[in-house]
Each structure stands twice: as structure tokens, then as C-alpha cells.
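A structural walkthrough
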Amino acid sequence: MNSKRLTIPNIKGHELQAYLELSVDQKPQYYAIFAHCFTCTSNLSAVKHISRALTAHGFGVLRFDFTGLGRSEGAFAESHFSANVDDLIAVNDYITKHYEAPGLLVGHSLGGAAVIVAASRLDNIKAVVTIGAPSRVSHVTHLFSHGIDEIKQKGEVEVDIGGRPFKINEEFISDFGKIDLPEITKNLRKPLLIMHAPFDKTVGINNAQELYHNAHHPKSFVSLDTADHLLSKSKDSTYVGHMIGAWVDRYFEAHDNAVLDVDGEQLVGYLNLMEDNFMTSIQTKKHTFIADEPESVGGDDFGPSPYDFLSAGLAACTAMTLKMYAQRKKWDLQEVYVYITYSKKHSDDLMLDLDEPKRMDHLQKRLKFIGDLNDTQKVKLKEIASKCPVHRTLLSETIIETKVID
């Protein structure tokens, strides 16, 4: 995932800190905007993981800090709900002017409420996703209710929200009661995905129920099982990102990936050493997927390992080759299973008579055939399995040319 740092002016002239997360080729098919939770920032790990997952589905994702939060300018007291919506619209206008009109809004917690309202005002938004969102904007006022009486006396006070001090004023408080979110949701009439953890202790699951009840189809709900409100476990936030990518696919026209134009390459791999352990985004013309290492060697296990992909290529090629051969022969091969095991073995264990014994790469291929086949046919299929193109490539003398490009 590639990240570009941006500053975007809002309606009051404050500079909003933003990051545009791009796919491997830096040429996304679509754009999305992510709205973070109340008092959070765009650097929350869940925001990064979800954005990263969405880039694998062809999206460029703009995550930003609302006014007065993170590295964005302005005071927190200016970051009331209406201001959050205004910030979203300002970011939408910026992306539309400098890149392409975004089609997806994703919001976490109160950010989820904000994207519903913003989407109701933006014609270019095709779909909306909420994650742990309240069904009523006033839900968050309990976080600073202890300071409301004092505000009426002093005009502005400092309150503790989630262990951090924030200054709020009367406008900040009153604004949260101005929005009728259920009614706006009822009139939204855009595809809506509601994601919520059933045991969310911050925003109860009844909020998801009310949002879903008020929304019109097409609407969907995904339960986040045991996840907490902030999606603090990386496996939960990564799951959310990929679920969004799969869900929203039906609402966007498919395009080929614009892979980097370097001597007609067919595949691109990208690893951000600053943000990722070993997770690598891989992109072909039509597909994007993730490679990683298991946690036992320092990875996050977000995807198959490089040797898993090597084995997978051999297994897929073998199965396809066997199908084509059996069909041509009109044999009753109904299903085929190809089991590949990669390991390092010593030449002595492989009964190889070498002048210099050594450890070697070893791929074991086991075949299981389903169908009405006699022994002669099975022997022939075993022979054909060793003639698939990937099998031959692995056994051939292969030249790998490496270049450094700008």
C-alpha cells in the first residue's frame, strides 16, 4: 500500500491532515473516504488496516483527521457533528477536484453517523458503510454530560473524554441534538452496509437494529462477532476491510488494474517497510491479493506465504492440466485433489547419489481422483500431472533477471 500525505482546507479554512492510501500501482479504480470515530484520529490501527484491505479491492482510500483532532488545525470545540459532516464534504470536493469523485463513504462509530448524513448530500456517493455506529447523534453526549451544567455557567470548560482532556462549549453540545439520523437514514436510498459487534459495550447492538430498520433496501448487516468497539485486534479490522470490499463490488463497475508500465510486466509486488512487517500487496491485471508470513516468523499472517503461493501455482496448474487431458480423452474424471507439501530435505533422505550431499528443496505432489477410472487411466494421469507447465518450469533451468528501476 502506498500512502500520500495531503492537507485539505475545510469550510473554515483549517487545514485537515489526510493520507491517501493507494493500491500497488498507485492507480485505483475507485475512491473512498474514511471517517474515524469520535475523538479518534486517522492513525488508529483499525483505520489503517481497513484502508489497506480496501486498496486490495481497487480503492484509493482517503483517511483524514477531523477538525481539532490529530494533526488537523482548529479547536476540538469546533469539531461538533455538523462540522464533521462539513469536513467530509470538503474532503469529497478535494478528491473530486484533484483525483476522481469518490463513490464510497466508510464511517466508524460517530464517523458512521457522519457518513450517512454526508452521503445524503452528495450525489456522487454510490454506497455507504457504517462500523459500530450510533443510530442517534446524541448518543455521544453521555461522554461529556458531566460538564454540561458547568458550560452553561462558564461558556467553555475542559472535560475528560476517554482519559484525554478536551475543551468544549455550548455550540458543541447543542449541535448534537440538531440531526434526526433515523429520518435521514430512511430517506438515504443508497446501498448501506451496517457492521456491528453484538457485544459492543460502547455503542450497543440496538443501534445497528434501529439503523437497519429505518434504511431501505439494498441494505445489509454483518455481525462482527467478538470484536470490540475500536476493532483493536488486527484480524477484526482486516476482516472488516475485506468484507466491505466484497460487499461493495456489486455497486461499482469492474475495471482492469492499471499495473505499472515497466517492460510489459504481468505482476507487481509492493511492501511498505515503514508500516508493514512482511505483508506484501500483489497485483495482476485483473486481481489483487496479499502475501504474508506466519506470526511464528514475525509476520501478521494476513495472507499465504511466498512458498504457499509457489505450491498453489503448482497445484492449480496440475489440476487444470489433468482436467483438460481427461476431457480430451473423455475419461470419467469428476474431481481431482492435488496436495502439495513443500519442505527442505537432505539428498541422502531422498536416496540421491550426489558427489556432494546437501539439503534440497522438496515438493511432494499427491493426487486423488474422483470418478470411474481404471488403474491404467490413473497411471497415465499421474504421468500427465508431471507435464503441467508450472511443474516443467520448476524443473527447468530458469533465468531470473533482476533490474533496479526508477
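Up top is the structure.
Read on for an overview of the structure. Because the structure is a prediction, the values reported are computed rather than measured. (Residues numbered from 1 in each chain as written. Predicted model: local features only at pLDDT ≥ 70, side-chain atom pairs only at ≥ 80, totals over all residues. Heavy atoms only, no water.)

There is a patch of nonpolar side chains on the surface, built from Tyr 307, Leu 310, Leu 363 and Leu 394 and spanning about 310 Å² of accessible area. Residue position: Leu 310 is located in helix H9 (residues 306–329). (Patch = residues over 30% accessible without salt bridge, like charges linked within 9 Å, V, L, I, M, F, W, Y side chains within 5 Å. Areas by Shrake-Rupley, 256 points an atom, 1.4 Å probe, with all protein chains shown as cover. Salt bridge = Lys/Arg side-chain N within 4 Å of Asp/Glu carboxyl O. Helix = DSSP H or I, 4+ residues; strand = E, 2+ residues; numbered from the N terminus.)

Let us look at the environment of Met 324. Relative to the helices and strands, Met 324 resides in helix H9. Taking the C-alpha atoms as reference, Met 324 lies 61 Å from Ile 179; in sequence the two are 145 residues apart.

One finds Leu 62, Phe 64, Phe 81 and Leu 88 to be the most contacted residues of the largest nonpolar core, which totals 53 residues. In terms of residues, this core owes the most to one element, helix H3 (residues 110–121), which gives eight residues. Contact partners of Leu 62, with chain neighbours within four places excluded, come to Leu 6, Ile 8, Ala 18, Tyr 19, Leu 20, Ala 32, Ile 33, Phe 34, Val 91 and Ile 95. Listed in part, the 26 residues of the second largest apolar core include Ala 32, Leu 193, Ala 197 and Val 240. (Core = buried A, V, L, I, M, F, W, Y, C linked by side-chain atoms within 4.5 Å. Buried < 20%, exposed > 50% of the residue type's maximum accessible area, 1.4 Å probe, protein only. Contact = heavy atoms within 4.5 Å.)

Take the sheet that holds strand S5 (residues 104–108) next. Strands sit in the order S1-S2-S4-S3-S5-S6-S9-S10 across an open sheet of eight strands; the sheet is mixed. The open sheet has two free edges, formed respectively by strand S1 (2–9) and strand S10 (219–223), since each of these has just one partner strand. Adjacent strand axes in the sheet meet at a mean angle of 20° when their direction is disregarded. As judged from the four bridges shared by strand S2 (residues 15–22) and strand S4 (residues 59–64), these two strands associate in the antiparallel manner. Across the sheet, residue Ala 18 finds its bridge partner in S4, namely Phe 64. Contacts from helix H1 (residues 45–55) reach S2, strand S3 (30–35), S4, S5 and strand S6 (127–131), with the element oriented near 160° to S4. (Pairing = 2+ DSSP bridges. Axes fitted to C-alpha atoms, helices over the stretch in contact; angles between N-to-C directions.)

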